Amino acid sequence: KVVLYTILALVAGVLLAIFNAALWYFRSVLYKLLFRDITVLIHEKTAVLDIAIHEDPDKKDLLTKVQENAMWHAPDFVQRMFFLIQNLLECLVAMVVFLQANIVAGALIFAAAIPRLIVELNYNHGLWLVETGVAETRRKFWHARWFLIDVHALTELKLFQKVPFFVKLIGNYLGKIRDEEVKVERKNLRQQLFALVTSEAVTIGVIIFFVSQVIEGKLAVGTLAFYLTSLGSFRLALAALAQNMGSQFRDGKFVRDMFKVFDLEPVIPQEKRSLRIAPAEIREIVFEDVWFRYAGTSKDVIKGISLRIPAGSTLALV
C-alpha cells in the first residue's frame, strides 16, 4: 500500500504540474491575443473619430485615459477571472473545514476579511479616480513630451532655446500626477493598517480558542496543527481574493471607459463624409464674419474674420 500511495502521489504531482503549465500557457496566450485585438480596436476607433471630438477637452481626456490604460487593463480583467475562481475555491474549501470545526470561529475569520476587501475596493476606486482626475494633466504631459522626443520639434526648441522650459513643464505635470497618487497611497496605508489590526486580532482570538480546546483535552494536537495550517491557507486565499477583486473592480471601470469610447458617434453625418468636390469646381473660399473660441473657454481667439480667396491664388496668414 505504501508503494501504491507513493506512486499515486507522484502521478498526482506530475498531473498537477502539467495542468498548471497548460493553464499558464493558456492565460499567457489569451492575454497576448486580447492585448493585440483590443489595442487595434481602440486605435481604429480613435482614428476614425472626427477632429471635433479630439478637440473637445472632455472627450479628449476620455480618449487619453482609454489609450493609456484600457489596452492593459482590459486583458487583465479577462485573465484575472481564472485567479478569482481559484481564490473562491480555496476559500470555500477552507470555510468548510472551519465551519465543521467551529461555526463561530469560521464566521469570525470570514468577517475579519471583509474590511480588507472594502479597503481594496476603495483603494482601486481611488486609483481610477486619480486617472480620471489627472487625465487632462497627463494629456498635456504627453503633448509637451512630444516636443522633446520628436527630432523636428526638438530642433526648433533648441533654436529658440526653449528646452529648459519644456523640461520644467513636464516635470510640473508629473509632479501633479505624483501628488495625487501619493494621496491615494497614504489613505490606503491608514485603511490597510486598520484592516490588518482587525484581522490579526480575530485570528489570534481563534488560535487561543483552539489552543484552549487542546489544553482541556477536547481537541487533539494533530487536529490543532491541521487547523493552524488550514487557517494560514484560508487567510492567504482571502487576502488574494480581496486583492484580485479590488483590481478587478478598477479594471472594470477602465473597460467601461473603453466602451464609452466605442459608443462615441461621429459629429459629421455619413452622407456628408461621402461628399467630394473636384478641385476644378472650387472658384473661391469665402470667410464671412468668422468667430472662434476653444471649447471650455470664454475668450475669442478669432474675431469677425472676413476674407475671400480666389481659385489659383496664394495667401499668407501671419
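Rules used throughout
- Residues numbered from 1 in each chain as written.
- Predicted model: local features only at pLDDT ≥ 70, side-chain atom pairs only at ≥ 80, totals over all residues.
- Heavy atoms only, no water.
- Core = buried A, V, L, I, M, F, W, Y, C linked by side-chain atoms within 4.5 Å.
- Buried < 20%, exposed > 50% of the residue type's maximum accessible area, 1.4 Å probe, protein only.
- Helix = DSSP H or I, 4+ residues; strand = E, 2+ residues; numbered from the N terminus.
- Contact = heavy atoms within 4.5 Å.
- Salt bridge = Lys/Arg side-chain N within 4 Å of Asp/Glu carboxyl O.
- Patch = residues over 30% accessible without salt bridge, like charges linked within 9 Å, V, L, I, M, F, W, Y side chains within 5 Å.
- Areas by Shrake-Rupley, 256 points an atom, 1.4 Å probe, with all protein chains shown as cover.
- Axes fitted to C-alpha atoms, helices over the stretch in contact; angles between N-to-C directions.
- Parallel < 35°, antiparallel > 145°, perpendicular 65-115°, else oblique.
- Left-handed = near helix turned anticlockwise from the far one by under 90°.
- Nonpolar A, V, L, I, M, F, W, Y, C, P; charged D, E, K, R; others polar.
- Phe/Tyr/Trp six-rings, centres within 6.5 Å; stacked < 30°, edge-to-face > 60°.

### Remarks on the nonpolar core
Side chains that are nonpolar tend, in soluble globular proteins, to be buried together.
Right, so step 1: Residues Cys91, Ile109, Val206, Phe210, Leu219, Phe234 and Leu238 are the most contacted members of the largest nonpolar core, which totals 17 residues.
Right, so step 2: Sorting elements by how many residues they give to this core places helix 8 (residues 221–262) first, with seven residues.
Right, so step 3: If we ignore the near neighbours within four places in the chain, the residues touching valine 206 are Ala105 and Ile109.
Right, so step 4: With 14 residues, the next largest nonpolar core counts Val66, Met71, Val261 and Leu264 among its residues.

### Concerning the pattern of salt bridges
Right, so step 1: If you walk through the whole model with that rule in mind, you get eleven salt bridges.
Right, so step 2: Measuring nitrogen to oxygen at the nearest pair gives 2.8 Å for the salt bridge that ties aspartate 61 to arginine 139. Of the two residues, aspartate 61 sits in helix 3 (residues 57–101) while arginine 139 sits in helix 5 (residues 135–149), which places them 78 residues apart along the sequence.
Right, so step 3: Arginine 139 sits in the partly exposed class, given a relative accessible area of 21%.
Right, so step 4: The shortest N-O distance in the salt bridge between lysine 65 and aspartate 257 comes to 3.1 Å. Remark: aspartate 257 occurs in helix 8 and lysine 65 occurs in helix 3; sequence separation between them is 192 residues. You'll find lysine 65 and aspartate 257 in the same group, each marked buried.

### Structural notes on unusual backbone geometry
Right, so step 1: Of note, glutamine 161 is a non-glycine position whose phi angle comes to about 55°, a positive value.
Right, so step 2: Locating glutamine 161 in the fold gives a position in the loop between helix 6 (151–159) and helix 7 (163–215).
Right, so step 3: You can call glutamine 161 exposed: its relative accessible area is 69%.
Right, so step 4: If you check the backbone angles, aspartate 289 has positive phi at about 50° while not being a glycine.
Right, so step 5: Relative to the assigned elements, aspartate 289 resides in strand 1 (residues 284–292).

### Overview of a nonpolar patch on the surface
Right, so step 1: Where nonpolar side chains cluster on the molecular surface, the patch consists of Ile282, Ile285, Phe287, Phe292, Tyr294, Val301, Ile302 and Ile305 and spans about 690 Å² of accessible area.
Right, so step 2: Secondary-structure elements contributing two or more residues to the nonpolar patch are strand 1 and strand 2 (302–310).
Right, so step 3: Inspection of the secondary structure assignment puts isoleucine 302 in strand 2.

### What about the packing of helix 4 (residues 103–133) against helix 8?
Right, so step 1: Across the interface, helix 4 lies against helix 8 with an axial gap of 9 Å and an inter-helix angle of 25°. Our classification of the angle between helix 4 and helix 8 gives roughly parallel. Every pair of crossing elements has a handedness; the one defined by helix 4 and helix 8 is right-handed.
Right, so step 2: Among the residues forming the contact of helix 4 with helix 8, the class breakdown is 15 nonpolar, five polar and seven charged.

### What to know about the packing of aromatic side chains
Right, so step 1: A complete count under the given rule lists seven aromatic pairs for this structure.
Right, so step 2: Ring geometry for tryptophan 146 and phenylalanine 147: centres 5.0 Å apart, planes at 80°, overall edge-to-face.
Right, so step 3: Residue class for tryptophan 146 comes out partly exposed when judged on its relative accessible area of 41%.
Right, so step 4: For phenylalanine 147, a relative accessible area of 21% corresponds to the partly exposed category.
Right, so step 5: Cluster of aromatic residues (ring-pair linked, three or more members): Trp146, Phe147, Phe165 and Phe166.

What is shown is where atoms sit, not what they do.
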